[in-house]
Amino acid sequence: MSAPAPFCATCHKPSHLCICEAVEALDNSVFVVVLQHPQEKRETLSTAQLVKLQLKNSLIRIGLSWPSLKRILGREVDYKKWGVLYLGTAKQGEQTPEDEIAVVDRNGRPVHGGDAILANLEGIILLDGTWSQAKALWWRNPWLLKCQRLILHPHFRSLYGEARREPRKESVSTLEAAAFVLAYMDDDPEVFHHLMQPFQLLLKKMRQPRPRPQRIQPATEQAGAGQTEEQAAETAVVDTPIPVADTPAAVDKTAE
Ligand SMILES: [Zn+2]
């Protein structure tokens, strides 16, 4: 007797939630790096692997810290041509432009010529994890401070809203963030819809009644063992809350 493999080896979802049929990789021109907190990969709703599957020019690194972006990519990098999704909100002030994507300075203030900076980016970096996990990644990788900081003002409602409670209204999944930035840079809304297909299928499958064979669930595999998928989704947390922040100034000090 052999139990079916509980997880798809390709998309890393539980077998009954496999979304591989909806994957269609895009030949993206702006490279995407996902830095994933080690604990995040257990989440059913995690979208980092979907980013990797949907984008030919992307990679995921799982861990807490890396000495440099050069080490991650294995080549020289010009940090000014790399954007990181900033874990902060744009400063509210006399001029708070609601650009869909803003490039901000170390104080969270939108910089002039943001669109030109965006147009020059060769890659973006996304931190994948809960808010506190993403914050840990930010703190432990001071080279991130050398990158351009991007803040998103998504005009769509995160699909997470259907599956689990968002901690903040602007929180979006890692896949949504990547899709949003790439669509914006290509000025092509279709890019966004295309990239979201596997995630939409995932949510659709999660809403369907779950097949109930005797399922052996390793206790170490899921924190929510014994829960239904729905309950697990309820208690799960959003993978990458963007943007959010409290102490960017304090972070800055560590690097300078
Ligand atoms: Zn799969």
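Residues numbered from 1 in each chain as written. Predicted model: local features only at pLDDT ≥ 70, side-chain atom pairs only at ≥ 80, totals over all residues.

## Some remarks on the environment of D99
Link 1 in the chain: Summarising the element assignment, D99 is placed in the loop between β3 (82-85) and β4 (101-104).
Link 2 in the chain: D99 gets classed as partly exposed once you count the C-beta atoms within 10 Å, which come to 16.
Link 3 in the chain: Considered as a pair, D99 and H155 are 56 residues apart in the sequence and their alpha carbons are 10.0 Å apart. (Helix = DSSP H or I, 4+ residues; strand = E, 2+ residues; numbered from the N terminus. Buried ≥ 20, exposed ≤ 12 C-beta atoms within 10 Å, placed from the backbone.)

## A closer look at helix α7 (residues 189-207)
Link 1 in the chain: For α7, which comprises 19 residues, the first-to-last C-alpha distance of 26 Å matches the rise-based estimate of 27 Å (1.5 Å per residue) to within 8%.
Link 2 in the chain: If you check which residues of α7 are buried, you get L195, M196, P198, F199, L201, L202 and M206. (Expected span 1.5 Å × (residues − 1).)

## A look at the confidence of the model for the chain
Link 1 in the chain: Chain-level pLDDT for the chain is 80 on average; 71% of the residues reach the 70-or-more range.
Link 2 in the chain: This stretch, residues 221-226, has a pLDDT under 50; its non-local contacts, to residues over four places away or in other chains, come to 8 contacts.
Link 3 in the chain: Across residues 229-256, confidence stays below pLDDT 50; counting only partners more than four residues off in sequence or on other chains, it has 76 contacts. (pLDDT = per-residue confidence, 0-100. Contact = placed C-beta atoms within 7 Å.)

## Some details on the packing of helix α6 (residues 174-186) against α7
Link 1 in the chain: Here α6 crosses α7 at 160 degrees, and the two axes come no closer than 7 Å. On the basis of the axis angle, α6 is roughly antiparallel to α7. Remark: the crossing between α6 and α7 carries right-handed chirality. Mapping the contact onto sequence places L175, E176, A178, A179, F180, L182, A183 and D186 in α6 and P189, V191, F192, L195, M196 and F199 in α7.
Link 2 in the chain: Classifying every residue of the contact of α6 with α7 by side-chain character gives 12 nonpolar, no polar and 2 charged. (Axes fitted to C-alpha atoms, helices over the stretch in contact; angles between N-to-C directions. Parallel < 35°, antiparallel > 145°, perpendicular 65-115°, else oblique. Left-handed = near helix turned anticlockwise from the far one by under 90°. Nonpolar A, V, L, I, M, F, W, Y, C, P; charged D, E, K, R; others polar.)

## Quick word on unusual backbone geometry
When glycine is set aside, most residues are seen to have a negative phi, and most peptide bonds are trans.
Link 1 in the chain: One non-glycine residue, H12, lies in positive phi territory at about 70 degrees.
Link 2 in the chain: Along the polypeptide, H12 turns up in the segment before β1 (31-36).
Link 3 in the chain: On the basis of neighbour counts, which here come to 18 C-beta atoms within 10 Å, the residue H12 falls in the partly exposed class.
Link 4 in the chain: Backbone geometry places D187, a non-glycine residue, at a positive phi of 50 degrees.
Link 5 in the chain: Tracing the sequence through the fold places D187 in the loop between α6 and α7.

## A few points about the environment of D78
Link 1 in the chain: Within the element layout of this structure, D78 appears in the loop between α2 (69-73) and β3.
Link 2 in the chain: C-alpha of D78 to C-alpha of C147: the two residues are 69 residues apart in sequence and 8.7 Å apart in space.

## Some thoughts on the environment of V23
Link 1 in the chain: Looking at the secondary structure, you find V23 in the segment before β1.
Link 2 in the chain: Under the C-beta neighbour-count criterion, V23 is labelled partly exposed, with 16 such atoms within 10 Å.
Link 3 in the chain: Linking V23 and P198, residues 175 residues apart in sequence, is a C-alpha distance of 5.8 Å.
Link 4 in the chain: Here V23 is in contact with L53, Q54 and P198, once residues within four sequence places are set aside.

## As for the nonpolar core
Link 1 in the chain: Core analysis: the largest hydrophobic core is formed by 54 residues, its most contacted members being V32, I125, L126 and A178.
Link 2 in the chain: The dominant element in this core, judged by the number of residues it contributes, is α6, at 8 residues. (Core = buried A, V, L, I, M, F, W, Y, C linked by C-beta atoms within 7 Å.)

## What about the sheet that holds β1?
Link 1 in the chain: The strand order across the open sheet built from 6 strands is β2-β1-β5-β3-β6-β4, with neighbouring strands paired in mixed fashion. Because the sheet does not close on itself, it has two edges, and the strands there are β2 (58-62) and β4. Direction aside, neighbouring strands of the sheet carry axes that sit 25 degrees apart on average.
Link 2 in the chain: Bridge count for β1 against β2 is 5 bridges, and the pairing is parallel. Looking at the pairing, L35 lines up with R61 of β2. (Pairing = 2+ DSSP bridges.)

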